[in-house]
Amino acid sequence: MKGERFYLKSHEWIEFIDEKTARVGISDFAQQELGDIVFVNLPEVGDEVVAGEGFAEVESVKSISEVYSPVTGVVRSVNEKLQDSPELVNEDAYDAWFVEIGDISAKEELLNEEEYNEFLESEN
Amino acid sequence: MEKKTPIYERHVELKGRMVPFAGYLLPVQYETGVITEHNAVRNKAGLFDVSHMGQIVIQGPDALENINMLLTNDFTNMSDGRAKYSPMCNPEGGTIDDLIVFRQSKDKYLLGVNAANRDKDFEWIKSNVKGNVEVLDISDDIAQVALQGPNSYDILRKLTNNIPEKYYSFLEDVDVNGIICFVSKTGYTGELGYEISCDKTDGVKLWNMLLDAGEEFGLIPCGLGARDTLRLEAGMPLYGHELSEEISPLEASLNFTVKMEKEDFIGKEGIRKRGTSRRRVGLKITGRGIAREDCDVFVDGQKVGLTTSGTHSPTLGYPIAMALMDKDYTDIGIEVVVNVRGREIPAVICDLPFYTRVK
(Lines give C-alpha, C1' and ligand atoms only; values in the text may rest on other atoms or scores of the structure.)
Protein backbone atom coordinates (compact mmCIF):
# COMPACT_ATOMS: atom_id res chain seq x y z
CA MET A 1 0.00 0.00 0.00
CA LYS A 2 2.98 2.26 0.56
CA GLY A 3 3.12 5.32 -1.73
CA GLU A 4 -0.31 4.63 -3.19
CA ARG A 5 -3.14 7.04 -2.56
CA PHE A 6 -6.49 5.79 -1.30
CA TYR A 7 -9.79 7.57 -0.79
CA LEU A 8 -12.95 7.65 1.25
CA LYS A 9 -16.36 8.21 -0.30
CA SER A 10 -16.49 11.35 1.87
CA HIS A 11 -13.60 12.70 -0.29
CA GLU A 12 -10.58 12.38 1.98
CA TRP A 13 -7.33 10.89 0.70
CA ILE A 14 -4.73 8.84 2.61
CA GLU A 15 -1.19 7.95 1.66
CA PHE A 16 0.72 5.43 3.76
CA ILE A 17 4.32 6.12 4.69
CA ASP A 18 4.60 2.68 6.32
CA GLU A 19 2.21 0.06 7.79
CA LYS A 20 1.38 2.22 10.82
CA THR A 21 1.83 5.79 9.50
CA ALA A 22 -0.02 7.83 6.87
CA ARG A 23 -0.80 11.36 5.72
CA VAL A 24 -4.38 12.50 5.20
CA GLY A 25 -5.95 15.34 3.21
CA ILE A 26 -9.01 16.12 1.10
CA SER A 27 -9.41 15.20 -2.55
CA ASP A 28 -9.16 17.51 -5.53
CA PHE A 29 -12.87 16.97 -6.12
CA ALA A 30 -13.56 18.11 -2.54
CA GLN A 31 -11.53 21.31 -2.87
CA GLN A 32 -13.28 22.12 -6.15
CA GLU A 33 -16.69 21.60 -4.57
CA LEU A 34 -15.80 23.76 -1.58
CA GLY A 35 -14.44 26.66 -3.61
CA ASP A 36 -12.07 29.19 -2.04
CA ILE A 37 -10.86 27.66 1.21
CA VAL A 38 -10.26 30.29 3.87
CA PHE A 39 -9.71 28.31 7.06
CA VAL A 40 -8.61 24.85 8.12
CA ASN A 41 -9.17 23.81 11.73
CA LEU A 42 -6.68 21.05 12.52
CA PRO A 43 -6.35 18.78 15.57
CA GLU A 44 -3.29 18.92 17.80
CA VAL A 45 -0.33 16.60 17.88
CA GLY A 46 -1.14 13.75 20.24
CA ASP A 47 -4.92 13.84 19.58
CA GLU A 48 -6.51 10.48 18.86
CA VAL A 49 -8.47 10.14 15.65
CA VAL A 50 -11.03 7.44 14.90
CA ALA A 51 -11.77 5.82 11.53
CA GLY A 52 -14.97 7.30 10.10
CA GLU A 53 -15.14 10.18 12.58
CA GLY A 54 -14.46 13.87 12.02
CA PHE A 55 -11.03 15.17 13.01
CA ALA A 56 -10.77 18.54 11.22
CA GLU A 57 -12.92 21.23 9.62
CA VAL A 58 -12.38 23.00 6.38
CA GLU A 59 -14.15 26.29 5.72
CA SER A 60 -14.78 27.99 2.42
CA VAL A 61 -16.19 31.50 2.21
CA LYS A 62 -19.72 30.13 2.39
CA SER A 63 -19.56 26.77 4.13
CA ILE A 64 -18.05 24.57 6.81
CA SER A 65 -17.26 20.92 6.12
CA GLU A 66 -16.16 18.18 8.44
CA VAL A 67 -13.11 16.14 7.42
CA TYR A 68 -13.33 12.43 8.33
CA SER A 69 -10.45 10.21 9.29
CA PRO A 70 -9.84 7.12 7.12
CA VAL A 71 -8.03 5.42 10.01
CA THR A 72 -7.83 5.12 13.79
CA GLY A 73 -4.56 6.35 15.25
CA VAL A 74 -2.71 9.24 16.86
CA VAL A 75 -1.86 12.59 15.25
CA ARG A 76 1.93 12.67 14.82
CA SER A 77 2.13 16.07 13.12
CA VAL A 78 -0.10 18.69 11.52
CA ASN A 79 0.60 20.73 8.40
CA GLU A 80 1.20 24.12 10.02
CA LYS A 81 1.40 25.80 6.60
CA LEU A 82 -2.37 25.41 6.22
CA GLN A 83 -2.97 27.62 9.27
CA ASP A 84 -1.66 30.71 7.49
CA SER A 85 -2.23 29.62 3.88
CA PRO A 86 -5.41 27.53 3.66
CA GLU A 87 -5.54 28.34 -0.07
CA LEU A 88 -2.76 25.75 -0.54
CA VAL A 89 -5.56 23.15 -0.43
CA ASN A 90 -7.11 24.75 -3.55
CA GLU A 91 -3.74 24.98 -5.26
CA ASP A 92 -2.78 21.33 -4.83
CA ALA A 93 -5.04 19.16 -2.71
CA TYR A 94 -2.64 16.19 -2.81
CA ASP A 95 0.35 18.22 -1.63
CA ALA A 96 -1.64 20.00 1.08
CA TRP A 97 -1.80 17.19 3.64
CA PHE A 98 -3.71 17.96 6.84
CA VAL A 99 -2.20 15.56 9.38
CA GLU A 100 0.21 12.69 9.71
CA ILE A 101 -1.31 9.84 11.71
CA GLY A 102 0.74 7.18 13.49
CA ASP A 103 -0.05 3.99 15.48
CA ILE A 104 -2.72 3.12 12.95
CA SER A 105 -4.87 0.32 14.34
CA ALA A 106 -8.00 0.31 12.15
CA LYS A 107 -9.07 1.45 8.70
CA GLU A 108 -12.25 2.46 6.96
CA GLU A 109 -13.08 0.79 3.66
CA LEU A 110 -10.64 2.49 1.29
CA LEU A 111 -11.05 3.04 -2.45
CA ASN A 112 -8.09 3.06 -4.81
CA GLU A 113 -7.75 5.82 -7.41
CA GLU A 114 -9.71 3.92 -10.06
CA GLU A 115 -12.51 2.98 -7.67
CA TYR A 116 -12.73 6.56 -6.40
CA ASN A 117 -12.95 7.96 -9.93
CA GLU A 118 -15.70 5.46 -10.75
CA PHE A 119 -17.51 6.49 -7.59
CA LEU A 120 -17.28 10.18 -8.60
CA GLU A 121 -18.66 9.37 -12.04
CA SER A 122 -21.52 7.34 -10.61
CA GLU A 123 -22.41 10.24 -8.30
CA ASN A 124 -22.75 12.65 -11.22
CA MET B 1 -40.16 24.32 -6.52
CA GLU B 2 -37.85 27.31 -6.90
CA LYS B 3 -38.54 29.99 -9.46
CA LYS B 4 -36.08 30.98 -12.14
CA THR B 5 -35.13 34.58 -12.87
CA PRO B 6 -35.36 35.79 -16.50
CA ILE B 7 -31.55 35.40 -16.71
CA TYR B 8 -31.41 31.84 -15.29
CA GLU B 9 -30.33 30.11 -18.51
CA ARG B 10 -27.34 32.42 -18.88
CA HIS B 11 -26.10 31.55 -15.38
CA VAL B 12 -26.21 27.87 -16.26
CA GLU B 13 -24.32 28.53 -19.52
CA LEU B 14 -21.75 30.57 -17.57
CA LYS B 15 -21.37 27.56 -15.22
CA GLY B 16 -22.88 29.31 -12.23
CA ARG B 17 -23.37 27.02 -9.25
CA MET B 18 -27.12 27.33 -8.81
CA VAL B 19 -28.59 27.22 -5.31
CA PRO B 20 -32.04 27.91 -3.89
CA PHE B 21 -32.29 31.37 -2.32
CA ALA B 22 -35.49 33.11 -1.21
CA GLY B 23 -37.55 30.92 -3.50
CA TYR B 24 -35.30 31.39 -6.55
CA LEU B 25 -32.49 29.42 -8.14
CA LEU B 26 -29.53 31.79 -8.20
CA PRO B 27 -25.78 31.42 -8.72
CA VAL B 28 -23.84 31.33 -5.44
CA GLN B 29 -20.66 31.63 -7.51
CA TYR B 30 -19.30 31.02 -10.99
CA GLU B 31 -16.16 29.02 -11.82
CA THR B 32 -14.06 32.06 -10.88
CA GLY B 33 -14.93 31.58 -7.19
CA VAL B 34 -16.17 33.89 -4.46
CA ILE B 35 -12.87 35.62 -3.70
CA THR B 36 -12.09 36.47 -7.33
CA GLU B 37 -15.65 37.76 -7.78
CA HIS B 38 -15.40 39.79 -4.59
CA ASN B 39 -12.10 41.33 -5.64
CA ALA B 40 -13.46 42.14 -9.10
CA VAL B 41 -16.12 44.34 -7.49
CA ARG B 42 -13.59 46.04 -5.20
CA ASN B 43 -11.03 46.67 -7.96
CA LYS B 44 -12.83 46.57 -11.32
CA ALA B 45 -16.47 45.58 -11.70
CA GLY B 46 -18.94 42.76 -11.12
CA LEU B 47 -22.40 41.98 -12.49
CA PHE B 48 -25.10 40.41 -10.32
CA ASP B 49 -28.56 39.12 -11.25
CA VAL B 50 -30.84 40.65 -8.62
CA SER B 51 -34.10 39.91 -10.42
CA HIS B 52 -35.31 38.05 -7.32
CA MET B 53 -35.70 41.35 -5.43
CA GLY B 54 -39.31 42.39 -4.94
CA GLN B 55 -40.81 45.57 -6.40
CA ILE B 56 -43.94 47.07 -4.94
CA VAL B 57 -45.62 50.24 -6.20
CA ILE B 58 -47.64 52.52 -3.93
CA GLN B 59 -49.51 55.18 -5.88
CA GLY B 60 -52.38 57.61 -5.53
CA PRO B 61 -53.12 60.96 -3.90
CA ASP B 62 -52.55 59.54 -0.39
CA ALA B 63 -49.34 57.66 -1.24
CA LEU B 64 -46.95 59.92 0.69
CA GLU B 65 -49.07 59.91 3.83
CA ASN B 66 -49.18 56.10 3.75
CA ILE B 67 -45.44 55.73 3.13
CA ASN B 68 -44.71 57.98 6.08
CA MET B 69 -47.01 55.88 8.27
CA LEU B 70 -45.70 52.49 7.06
CA LEU B 71 -41.99 53.27 7.21
CA THR B 72 -39.68 54.58 9.92
CA ASN B 73 -37.76 57.07 7.75
CA ASP B 74 -39.23 60.46 6.72
CA PHE B 75 -40.19 60.94 3.07
CA THR B 76 -41.84 64.36 3.41
CA ASN B 77 -39.16 66.48 1.75
CA MET B 78 -38.01 63.98 -0.82
CA SER B 79 -37.67 65.05 -4.47
CA ASP B 80 -38.63 63.10 -7.57
CA GLY B 81 -35.79 60.91 -8.76
CA ARG B 82 -34.35 60.32 -5.31
CA ALA B 83 -34.11 57.10 -3.31
CA LYS B 84 -34.12 56.52 0.43
CA TYR B 85 -33.43 53.47 2.57
CA SER B 86 -35.88 52.58 5.35
CA PRO B 87 -36.94 49.82 7.68
CA MET B 88 -40.64 48.89 7.91
CA CYS B 89 -41.73 47.93 11.41
CA ASN B 90 -44.55 46.10 13.14
CA PRO B 91 -46.37 47.84 16.04
CA GLU B 92 -44.02 46.13 18.53
CA GLY B 93 -41.01 47.80 16.89
CA GLY B 94 -39.69 44.62 15.27
CA THR B 95 -38.56 44.91 11.66
CA ILE B 96 -40.85 43.52 8.94
CA ASP B 97 -38.35 44.33 6.19
CA ASP B 98 -35.72 46.85 5.11
CA LEU B 99 -36.21 48.40 1.70
CA ILE B 100 -35.44 51.28 -0.64
CA VAL B 101 -38.09 53.81 -1.63
CA PHE B 102 -37.78 55.43 -5.07
CA ARG B 103 -39.89 58.55 -5.49
CA GLN B 104 -41.13 58.60 -9.09
CA SER B 105 -43.56 61.44 -8.44
CA LYS B 106 -45.38 63.03 -5.53
CA ASP B 107 -48.05 60.36 -5.89
CA LYS B 108 -45.98 57.36 -6.98
CA TYR B 109 -43.36 55.43 -5.04
CA LEU B 110 -41.53 52.23 -5.95
CA LEU B 111 -40.36 50.03 -3.07
CA GLY B 112 -37.44 47.66 -3.63
CA VAL B 113 -37.91 44.90 -1.04
CA ASN B 114 -36.19 41.67 -0.03
CA ALA B 115 -37.20 38.66 -2.12
CA ALA B 116 -37.91 36.52 0.95
CA ASN B 117 -40.26 39.17 2.37
CA ARG B 118 -42.04 40.19 -0.79
CA ASP B 119 -45.37 38.43 -0.15
CA LYS B 120 -45.37 39.34 3.54
CA ASP B 121 -44.63 43.00 2.72
CA PHE B 122 -47.31 43.16 0.05
CA GLU B 123 -49.96 41.76 2.42
CA TRP B 124 -48.81 44.03 5.26
CA ILE B 125 -48.86 47.15 3.10
CA LYS B 126 -52.24 46.33 1.54
CA SER B 127 -53.83 45.71 4.93
CA ASN B 128 -52.43 48.92 6.45
CA VAL B 129 -52.91 51.57 3.76
CA LYS B 130 -55.71 54.09 4.14
CA GLY B 131 -57.44 56.49 1.79
CA ASN B 132 -56.98 56.85 -1.94
CA VAL B 133 -54.02 54.67 -2.75
CA GLU B 134 -53.24 51.62 -4.87
CA VAL B 135 -50.67 48.91 -4.07
CA LEU B 136 -49.19 46.75 -6.85
CA ASP B 137 -46.65 43.94 -6.82
CA ILE B 138 -44.78 44.25 -10.12
CA SER B 139 -41.85 41.96 -9.18
CA ASP B 140 -42.62 39.27 -11.75
CA ASP B 141 -42.58 41.70 -14.68
CA ILE B 142 -39.03 42.87 -14.12
CA ALA B 143 -35.44 41.75 -14.62
CA GLN B 144 -32.84 43.55 -12.53
CA VAL B 145 -29.06 43.50 -12.48
CA ALA B 146 -26.53 45.21 -10.22
CA LEU B 147 -23.43 46.59 -11.92
CA GLN B 148 -20.99 47.29 -9.10
CA GLY B 149 -17.39 48.40 -8.80
CA PRO B 150 -15.11 51.35 -9.60
CA ASN B 151 -15.35 50.70 -13.37
CA SER B 152 -19.14 50.52 -13.44
CA TYR B 153 -19.56 54.12 -14.64
CA ASP B 154 -17.21 53.61 -17.59
CA ILE B 155 -19.01 50.42 -18.56
CA LEU B 156 -22.48 51.96 -18.39
CA ARG B 157 -21.25 55.07 -20.22
CA LYS B 158 -20.51 52.91 -23.28
CA LEU B 159 -24.21 52.07 -23.50
CA THR B 160 -25.88 55.32 -22.45
CA ASN B 161 -25.02 58.91 -21.56
CA ASN B 162 -28.02 59.16 -19.27
CA ILE B 163 -26.56 58.11 -15.92
CA PRO B 164 -27.76 59.20 -12.46
CA GLU B 165 -25.12 61.41 -10.85
CA LYS B 166 -25.91 61.43 -7.17
CA TYR B 167 -25.71 58.49 -4.80
CA TYR B 168 -29.26 57.28 -4.11
CA SER B 169 -30.77 58.95 -7.16
CA PHE B 170 -32.29 57.33 -10.24
CA LEU B 171 -33.47 57.93 -13.79
CA GLU B 172 -36.44 56.34 -15.53
CA ASP B 173 -36.89 55.40 -19.18
CA VAL B 174 -33.16 55.40 -19.81
CA ASP B 175 -32.28 54.08 -23.27
CA VAL B 176 -29.45 51.64 -22.53
CA ASN B 177 -28.36 50.78 -26.05
CA GLY B 178 -31.96 50.16 -27.12
CA ILE B 179 -33.40 48.74 -23.90
CA ILE B 180 -35.62 50.96 -21.79
CA CYS B 181 -34.30 50.79 -18.23
CA PHE B 182 -34.73 52.14 -14.74
CA VAL B 183 -31.23 53.06 -13.54
CA SER B 184 -30.41 53.90 -9.93
CA LYS B 185 -27.08 54.73 -8.33
CA THR B 186 -27.51 52.22 -5.52
CA GLY B 187 -26.07 48.90 -4.45
CA TYR B 188 -25.21 46.45 -1.74
CA THR B 189 -21.44 46.29 -2.00
CA GLY B 190 -19.98 49.52 -0.62
CA GLU B 191 -18.62 50.42 -4.07
CA LEU B 192 -19.67 52.82 -6.79
CA GLY B 193 -22.43 51.03 -8.65
CA TYR B 194 -25.78 50.97 -10.36
CA GLU B 195 -28.87 48.83 -10.22
CA ILE B 196 -30.56 48.54 -13.59
CA SER B 197 -33.97 47.07 -14.25
CA CYS B 198 -35.99 46.47 -17.39
CA ASP B 199 -38.88 44.42 -18.68
CA LYS B 200 -38.20 40.74 -18.01
CA THR B 201 -38.22 39.96 -21.72
CA ASP B 202 -35.14 42.18 -22.14
CA GLY B 203 -33.28 40.70 -19.15
CA VAL B 204 -30.94 38.36 -21.01
CA LYS B 205 -30.16 41.02 -23.62
CA LEU B 206 -29.30 43.56 -20.90
CA TRP B 207 -27.11 41.03 -19.07
CA ASN B 208 -25.20 40.07 -22.23
CA MET B 209 -24.82 43.66 -23.35
CA LEU B 210 -23.34 44.74 -20.02
CA LEU B 211 -20.98 41.75 -19.86
CA ASP B 212 -19.75 42.49 -23.39
CA ALA B 213 -19.33 46.20 -22.71
CA GLY B 214 -17.54 45.47 -19.46
CA GLU B 215 -15.07 42.92 -20.75
CA GLU B 216 -12.36 45.52 -21.40
CA PHE B 217 -12.93 46.90 -17.88
CA GLY B 218 -12.51 43.57 -16.11
CA LEU B 219 -16.23 42.98 -15.51
CA ILE B 220 -17.16 39.42 -14.48
CA PRO B 221 -20.45 37.84 -13.38
CA CYS B 222 -20.72 37.50 -9.59
CA GLY B 223 -22.88 35.32 -7.37
CA LEU B 224 -24.60 35.44 -4.00
CA GLY B 225 -21.41 34.44 -2.19
CA ALA B 226 -19.58 37.60 -3.20
CA ARG B 227 -22.74 39.66 -2.63
CA ASP B 228 -22.69 38.52 1.00
CA THR B 229 -18.97 39.11 1.67
CA LEU B 230 -19.18 42.54 0.00
CA ARG B 231 -22.20 43.71 2.02
CA LEU B 232 -20.65 42.37 5.22
CA GLU B 233 -17.45 44.35 4.69
CA ALA B 234 -19.62 47.39 3.94
CA GLY B 235 -21.42 46.85 7.28
CA MET B 236 -24.81 46.56 5.62
CA PRO B 237 -27.52 44.54 7.38
CA LEU B 238 -29.08 41.47 5.80
CA TYR B 239 -32.68 40.75 6.68
CA GLY B 240 -32.97 37.52 8.65
CA HIS B 241 -29.56 38.16 10.21
CA GLU B 242 -29.07 41.72 11.49
CA LEU B 243 -32.79 42.52 11.17
CA SER B 244 -35.90 40.49 11.95
CA GLU B 245 -39.35 40.78 13.50
CA GLU B 246 -37.54 40.47 16.85
CA ILE B 247 -34.92 43.17 16.15
CA SER B 248 -35.75 46.87 16.02
CA PRO B 249 -33.90 49.19 13.62
CA LEU B 250 -32.40 51.02 16.61
CA GLU B 251 -31.05 47.75 18.00
CA ALA B 252 -29.57 47.19 14.54
CA SER B 253 -27.82 50.60 14.86
CA LEU B 254 -29.81 52.05 11.97
CA ASN B 255 -30.62 55.24 13.91
CA PHE B 256 -30.33 57.42 10.79
CA THR B 257 -33.36 55.61 9.32
CA VAL B 258 -35.71 56.04 12.28
CA LYS B 259 -37.31 59.46 12.63
CA MET B 260 -38.80 59.44 16.13
CA GLU B 261 -39.69 63.14 15.70
CA LYS B 262 -42.20 62.18 12.98
CA GLU B 263 -45.74 62.65 14.25
CA ASP B 264 -46.60 58.97 14.03
CA PHE B 265 -45.64 55.79 12.21
CA ILE B 266 -46.27 52.09 12.74
CA GLY B 267 -43.82 50.87 15.36
CA LYS B 268 -42.95 54.26 16.88
CA GLU B 269 -44.27 53.36 20.32
CA GLY B 270 -42.91 49.81 20.06
CA ILE B 271 -39.43 51.00 19.15
CA ARG B 272 -39.47 53.44 22.07
CA LYS B 273 -40.66 50.80 24.55
CA ARG B 274 -38.15 48.29 23.27
CA GLY B 275 -35.26 50.69 23.83
CA THR B 276 -31.71 49.81 22.98
CA SER B 277 -30.59 47.33 25.60
CA ARG B 278 -28.57 45.73 22.78
CA ARG B 279 -27.00 47.17 19.65
CA ARG B 280 -25.34 45.94 16.48
CA VAL B 281 -21.56 46.28 16.34
CA GLY B 282 -18.67 44.96 14.26
CA LEU B 283 -16.28 42.26 15.45
CA LYS B 284 -12.77 41.87 14.19
CA ILE B 285 -11.73 38.27 14.84
CA THR B 286 -8.19 38.34 16.15
CA GLY B 287 -7.84 34.58 16.77
CA ARG B 288 -7.94 31.66 14.38
CA GLY B 289 -11.36 30.72 13.06
CA ILE B 290 -14.43 32.13 11.37
CA ALA B 291 -17.38 33.20 13.50
CA ARG B 292 -20.56 32.95 11.46
CA GLU B 293 -24.12 33.57 12.67
CA ASP B 294 -25.51 32.51 16.07
CA CYS B 295 -22.24 32.29 18.00
CA ASP B 296 -22.38 33.43 21.62
CA VAL B 297 -20.09 36.32 22.55
CA PHE B 298 -18.52 36.48 26.02
CA VAL B 299 -16.70 39.00 28.19
CA ASP B 300 -15.12 37.65 31.38
CA GLY B 301 -17.08 34.42 31.00
CA GLN B 302 -20.41 36.22 30.86
CA LYS B 303 -22.59 35.97 27.75
CA VAL B 304 -23.05 39.52 26.43
CA GLY B 305 -23.89 39.09 22.75
CA LEU B 306 -24.69 36.96 19.72
CA THR B 307 -23.22 37.09 16.23
CA THR B 308 -25.66 37.72 13.38
CA SER B 309 -23.36 37.13 10.36
CA GLY B 310 -19.70 36.52 9.79
CA THR B 311 -17.24 35.53 7.14
CA HIS B 312 -13.65 35.66 6.04
CA SER B 313 -13.12 39.18 4.65
CA PRO B 314 -11.33 38.90 1.31
CA THR B 315 -10.42 42.61 1.27
CA LEU B 316 -9.10 42.80 4.84
CA GLY B 317 -7.62 39.31 4.94
CA TYR B 318 -9.06 38.36 8.33
CA PRO B 319 -12.45 37.16 9.59
CA ILE B 320 -15.14 39.68 10.47
CA ALA B 321 -18.58 39.39 12.02
CA MET B 322 -21.49 41.50 13.14
CA ALA B 323 -23.07 40.95 16.54
CA LEU B 324 -25.93 42.18 18.70
CA MET B 325 -24.22 43.14 21.98
CA ASP B 326 -25.61 44.17 25.37
CA LYS B 327 -25.42 47.95 25.54
CA ASP B 328 -22.61 47.98 28.12
CA TYR B 329 -20.36 46.08 25.71
CA THR B 330 -20.59 48.07 22.50
CA ASP B 331 -17.55 50.34 22.83
CA ILE B 332 -14.87 50.05 20.20
CA GLY B 333 -11.82 48.21 21.46
CA ILE B 334 -13.56 45.91 23.97
CA GLU B 335 -11.98 42.47 23.83
CA VAL B 336 -14.44 39.58 23.63
CA VAL B 337 -14.42 35.83 23.12
CA VAL B 338 -16.62 34.20 20.48
CA ASN B 339 -17.69 30.60 20.96
CA VAL B 340 -17.40 28.89 17.57
CA ARG B 341 -18.67 25.31 17.87
CA GLY B 342 -17.04 24.91 21.26
CA ARG B 343 -13.81 26.76 20.48
CA GLU B 344 -13.13 30.09 22.11
CA ILE B 345 -11.89 32.63 19.61
CA PRO B 346 -10.71 36.11 20.63
CA ALA B 347 -12.17 39.15 18.88
CA VAL B 348 -12.41 42.88 19.39
CA ILE B 349 -15.37 45.26 18.98
CA CYS B 350 -14.79 47.57 16.03
CA ASP B 351 -16.49 50.34 14.11
CA LEU B 352 -18.84 49.68 11.17
CA PRO B 353 -18.37 49.59 8.26
CA PHE B 354 -15.30 47.37 8.14
CA TYR B 355 -14.49 48.72 4.69
CA THR B 356 -15.05 52.15 3.15
CA ARG B 357 -14.13 52.80 -0.44
CA VAL B 358 -11.54 55.43 -1.26
CA LYS B 359 -13.35 58.01 -3.41
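The rules we used
Residues numbered from 1 in each chain as written. Chains lettered and ligands numbered in written order. Predicted model: local features only at pLDDT ≥ 70, side-chain atom pairs only at ≥ 80, totals over all residues. Heavy atoms only, no water. Core = buried A, V, L, I, M, F, W, Y, C linked by side-chain atoms within 4.5 Å. Buried < 20%, exposed > 50% of the residue type's maximum accessible area, 1.4 Å probe, protein only. Helix = DSSP H or I, 4+ residues; strand = E, 2+ residues; numbered from the N terminus. Contact = heavy atoms within 4.5 Å. Buried area = accessible area lost by both parts, 1.4 Å probe. Salt bridge = Lys/Arg side-chain N within 4 Å of Asp/Glu carboxyl O. Pairing = 2+ DSSP bridges.

Student: Looking at this model, I keep getting lost on the nonpolar core. Mind explaining?
Tutor: One recurring pattern in soluble globular proteins: nonpolar side chains tend to sit buried together. Formed by 28 residues in total, the largest nonpolar core has its most connected members in I14, I26, V40, F55, V89, F98 and V99 of chain A. Elements supplying a minimum of two residues to this core: β2 (12-18), β3 (21-26), α1 (28-34), β4 (37-41), β6 (54-60), β8 (71-78) and β9 (99-107) of chain A. Not counting the four nearest positions on each side in its chain, I26 of chain A is found in contact with H11, E12, W13, Q31, L34, I37, V67, V89, A93, Y94 and F98 of chain A. Judged by nonpolar contacts, the second largest core, of 27 residues, contains I7, I155, V183 and L206 of chain B.

Student: In this structure, what is going on with the interface of chain B and chain A? I would like to understand it.
Tutor: Where interface size is quoted, it is often the accessible area lost as the parts come together. The interface is formed by 18 residues belonging to chain B together with 16 residues belonging to chain A. For the chain B and chain A pair, buried surface summed over both sides reaches about 1400 Å², with 47% attributable to carbon and sulfur atoms. Per-residue buried area on chain B facing chain A is highest for R288, R292 and R341 of chain B; these three make up 37% of the total on that side. Where chain B meets chain A, there are six salt bridges. A salt bridge links D84 of chain A to R288 of chain B; its shortest N-O distance comes to 3.6 Å.

Student: How do you make sense of the sheet that holds strand β3 (residues 24-29) of chain B when you look at a structure like this?
Tutor: Backbone-to-backbone hydrogen bonds pair the strands of a sheet. The strands run either parallel or antiparallel. All names here are of chain B. On the basis of which strands lie adjacent, the open sheet formed by three strands has the order β1-β3-β2 and mixed pairing. Because the sheet does not close on itself, it has two edges, and the strands there are β1 (3-4) and β2 (17-21). As paired elements, β2 and β3 share five bridges and run antiparallel to each other. Across the sheet, residue M18 finds its bridge partner in β3, namely P27.

Student: Help me out: how do you make sense of the pairing of strand β8 (residues 108-113) of chain B in this one?
Tutor: Put simply, side chains in a regular strand alternate between the two faces of the sheet. All names here are of chain B. Most of β8 is tucked away, with five of its six residues classed as buried. Both strand β5 (residues 54-59) and β8 contribute to a ladder of six bridges, which runs antiparallel. In the strand pairing of β8, G54 is matched with V113. Here strand β7 (residues 95-105) runs beside β8; their pairing, made up of five bridges, is antiparallel.

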